[in-house]
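Working through the structure, step by step
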Amino acid sequence: MTSFVGRRRESSEARRLLGRTRLLTFVGAGGVGKTRLARRVAADVRRTFPDGVWLVNLAPLRDGDLLASTVAATLGLADWSVRPSLDSLVDFVSDKRVLIVLDNCEHLLDVSAAFVDGLLSAAANVRILVTSRQPLGVGGETVLEVPPMSLPVPDEALSARRLDESEAVRLFVERAAEAVPGLVLGEADWEAVARLCRRLDGIPLAIELAAVRLRSLSTEQIIDRLDDRFGLLTRGSRTAMPRQQTLRATVDWSRDLCSPGERTLWARLSVFSGGFDLAAAEQVCRGEAIASEDVFDLVAALVDKSLVLRDDCGDGARYRMLETIRQYGRMMLVESAQEAMLGRRHRDHYLRVVGCSEEARFGPEQLRWYARLRRDHANVRAAMDFCLTEPGGARTVFQMVTANWPYWIYYGILGEGRHWLNLALEQDPAPTAARARALWVAGRLALLQSDLSGAELLLRDCAALAEKLGDPSAEAHVTELFGVVELFRGNYARAISLQEEAVRRYRRIGEPPGTCAVTLYRMALAASASGETDRAERFCEESLAICEEHGTHLYRPLALWALGFTRYRRGDQPGAEATIGESLRLQRHSNDRWNTAQCVEVLAWIASANGQHEHAATLLGAAHMLWRSLGTSMPETPPFADFHGPCDFQLRETLGDEVFAAAFERGVALGPDEAIGYALNENPRRSRRTSRPRSALTSRERQVADLVAQGMTNKEIAATLVIAQRTAEGHVEHILEKLGFVSRAQIASWATRNSGT
């Protein structure tokens, strides 16, 4: 990211407005710097929002139905519930003080307005900052127009100091120095710089594009060539143009200064969504005037011209375009009559990527492939959007979702996986093996969202189609998944029987071993829940052996958790704690938040059984927060429904409501990494916090806690209660000490949960 220049007045006004309004919208033309300003303001106010500031770039999103789930995923909320994403998000942030930045909303204006209105109405501590080319039109919205940068005053005596007071000039000079290291502008250049910035109306993107041209042109030459371009656009008129035309003329000029190959590549790169790597550019954009070996040089040339931006990530460079530049490229692509051809190339490339990941979905490379798919998730989405506009494209959507179906589970985007499959299933009802596979994958995702009725409908359709087609793979998966249905209903013997049959079928048809490992894990769960611990342990050992032999490291923590739960059921508390602890330590290298939650949950049961009651209550609070981060409450399925309630009841009886609530809230306030550390006894403060009951708050302290929960600062609390600010600070310090908390967020969470008590 290049340096941030100017905007002091706008930044100050935005911070002031965010203290008064819950919805602030930056409005302005493309290229005026709304995104950059929003990022700077978000960074400036970060301390005001103890639960985080979150940037959601909506530019790559085309399907408005996915807006709420996209925002939820950015905030770290997974989608393991059949509930609407907005409802889950409201629950997740209801006791949090967060700022959400929705960037580039203009193409989803109505959907964005409905989302923002719904979220702000239901979550009192949330504030939203929007960037858009027009307001959302939501009640309570405050609009801040982002103007161009300040310009030198005409007809004033020019000097380096006076010119430096102009934001536009400072931006030009900084970008020029970046483009031409060692560049020194003399007094004779200042007049030309001032004229150029005025000619560009102070539009930041136009200024940045012009500054790059100092590599080959003088400032006067840039002005002359821009004037030629402006004259063409206005048919010779030398009057001032609207700002949109100024930016358009500047981008036109940048295009004219590109070689034919650079212009062609610029247009073709616009087909990507959310960025791309070099291999993707070579595969999608080569051919017909661009050789594969020339793509890198052309990309590098566009980077030099600031038309493509380079980002470094863990395993190499990725590239992206500013949305204004990408949209211009898309216009060129449409004019070239190659839009459909490039859409098919883009689709085919990401279909190949997903296909390659299928081969590794149960092996040692699975996490690397999941990470790669996650980086290109916006492109996979765009490819599926394109597929649904093409005849027969629904079957490609089937492939793109089902080829590596564990990916959707691993990242907790189950609802989105079902969304794409539902669209494709409606569009293509033909009785094919691809449809059968889509049905059982959709059924699996529905089951994991605890949508048993929806899952059964899908699985019955799949079973009938599999029988008609004679499809042994679909028959095996349906058998397994009907076993999961029985497990979730507490019919353990039937669950084991069906899943044993599924394992036999998987092995007969050569299904990847990882499928068997997961099935054995659930068989162990059913056996443990029914008290057949010896049988359960055999299932666990078999699952672990498969993981070890085939390198399916993602499923080893699951098998260890099942083994730990089995030992807990047997009464071997030390063995259970050690085994689940090993599972939890492995979670630090993966994203399986479901297993993290169930590990912490069972460790709470173990701590309670060991007499560590306050520690157990804190673990229950941590588990509660982890379940919430999955978009669900504690699962109402075995074994959780069988053991959570009794544990919770016993702890409340033993500790009393007040001590239990304080310990529970300490767990709720832990982040995921802190929860893991606490569960593994790595938190050095745990022993000090679990030895004494909390003192009750005074009535004044309760008032202060309630005001903290409303998001007030100490100064605002003092004004509300008509007390000195230092007195308010003292009350907050006493509350932290009495409740054993370390942050205002913990106070807010506690006050929200204990309101009215």
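Quick caveat, the model's predicted, so the values are computed rather than measured. Numbering of residues begins from 1 in every chain and follows the order in which that chain's sequence is written. Local features in this predicted model are restricted to residues of pLDDT 70 or higher, and side-chain atom pairs are both shown and tallied only at a pLDDT of 80 or more, whereas totals for entire chains, interfaces and linings draw on every residue. Hydrogens and water molecules were not included; the side-chain quantities draw on all heavy atoms of the structure.

The helix and strand labels rest on DSSP assignments: H or I over at least four residues marks a helix, E over at least two residues marks a strand, and numbering proceeds from the N terminus. One less than the residue count of a helix, multiplied by 1.5 Å, gives the span that helix is expected to have. A rise of 1.5 Å per residue sets the reference length of helix α30 (residues 593-609), with its 17 residues, at 24 Å; its end C-alpha atoms lie 25 Å apart and thus fit the reference within 8%. Here α30 lies mainly inside the structure; 15 of its 17 residues are buried. Under this definition, polar contacts are N or O atom pairs within 3.5 Å; protein pairs additionally need one hydrogen-donor-capable and one acceptor-capable atom, and for neighbouring residues in sequence, both atoms have to be side-chain atoms. For α30, the N-terminal cap is Asp592; the gap from its side-chain oxygen to the backbone nitrogen of Trp594 is 3.3 Å. Taken from the residues just after α30, Gly611 is the one with a positive phi, measuring 85°. When accessible area is computed with a 1.4 Å probe and restricted to protein chains, residues below 20% of their type maximum are described as buried, those above 50% as exposed, and intermediate ones as partly exposed.

Under the pairing criterion, centres of Phe, Tyr and Trp rings, with the six-membered ring standing for Trp, must be within 6.5 Å; the plane angle then separates stacked pairs below 30 degrees from edge-to-face pairs above 60, leaving the rest tilted. A complete count under the given rule lists 24 aromatic pairs for this structure. Where Trp80 meets Trp594, the ring centres are 4.8 Å apart and the plane angle is 25°; that geometry is what we call stacked. Residue Trp80 is found in the loop between α3 (67-74) and α4 (85-93), and its partner Trp594 is found in helix α30; the two are separated by 514 residues along the sequence. There is no split in this pair, since Trp80 and Trp594 are both buried. Aromatic side chains Tyr410 and Tyr411 sit 5.0 Å apart centroid to centroid with 80° between the ring planes, which places their arrangement in the edge-to-face category. Under the relative-accessibility criterion, Tyr410 is labelled buried at 11%. A relative accessible area of 17% means that Tyr411 is categorised as buried.

For the rest of this paragraph, the subject is empty space enclosed by the protein. The distinction between a cavity and a pocket rests on a 1 Å grid over the protein atoms alone: a 1.4 Å probe fits inside a cavity but cannot get out, while a pocket stays open yet meets protein on both sides within 12 Å along at least five of seven lines, and a residue with an atom within 4 Å of a point counts as lining. Grid points are joined across faces, edges and corners, and a volume is the space filled by probe spheres set on the points. Inspection of every chain in the model, using the stated rule, returns 6 cavities of 30 Å³ or more. Approximately 410 Å³ is the volume attributed to the largest cavity. Lining the largest cavity are 23 residues, and of these Trp80, Ile409, Leu448, Arg522 and Leu558 sit closest to its centre. At the level of elements, α20 (406-410), α22 (433-448), α26 (513-529) and α30 are the ones that each hand at least two residues to the lining of the largest cavity. Of all the elements, α26 adds the most residues to the lining of the largest cavity, at 4 residues.

Attention now goes to the sheet that holds strand β2 (residues 53-57). Read from one edge of the open sheet, 5 strands run β2-β3-β4-β1-β5, paired in parallel fashion. Edge strands, defined here as strands with exactly one partner in the open sheet, are β2 and β5 (142-145). The mean inter-strand angle of the sheet, taken between neighbouring strand axes irrespective of direction, is 20°. Pairing geometry for β2 and strand β3 (residues 98-103), over 5 bridges, is parallel. Across the sheet, the residue bridging to Leu55 is Val101, located in β3. Between any two strands, at least two bridges found by DSSP are needed for them to pair. To get an axis, fit a line to the C-alpha atoms, keeping to the stretch in contact for a helix; angles then go from 0 to 180 degrees between the N-to-C directions.

Our focus in this paragraph is the pattern of salt bridges. Proximity of charged atoms lets side chains of opposite charge pair with each other. Salt bridge, as used here, is a side-chain nitrogen of Lys or Arg placed within 4 Å of a carboxyl oxygen of Asp or Glu. Tallying each qualifying case throughout the model produces 42 salt bridges. Between Glu501 and Arg505 there is a salt bridge, and its shortest N-O distance comes to 2.9 Å. Of the two residues, Glu501 and Arg505 are both situated in helix α25 (residues 492-509); the distance of 4 residues between them amounts to about one turn of the helix. Among the residues examined, Arg505 registers a relative accessible area of 24% and is labelled partly exposed. Here the salt bridges share partners, and the residues they tie into one network are Glu174, Arg175, Glu178 and Glu208.

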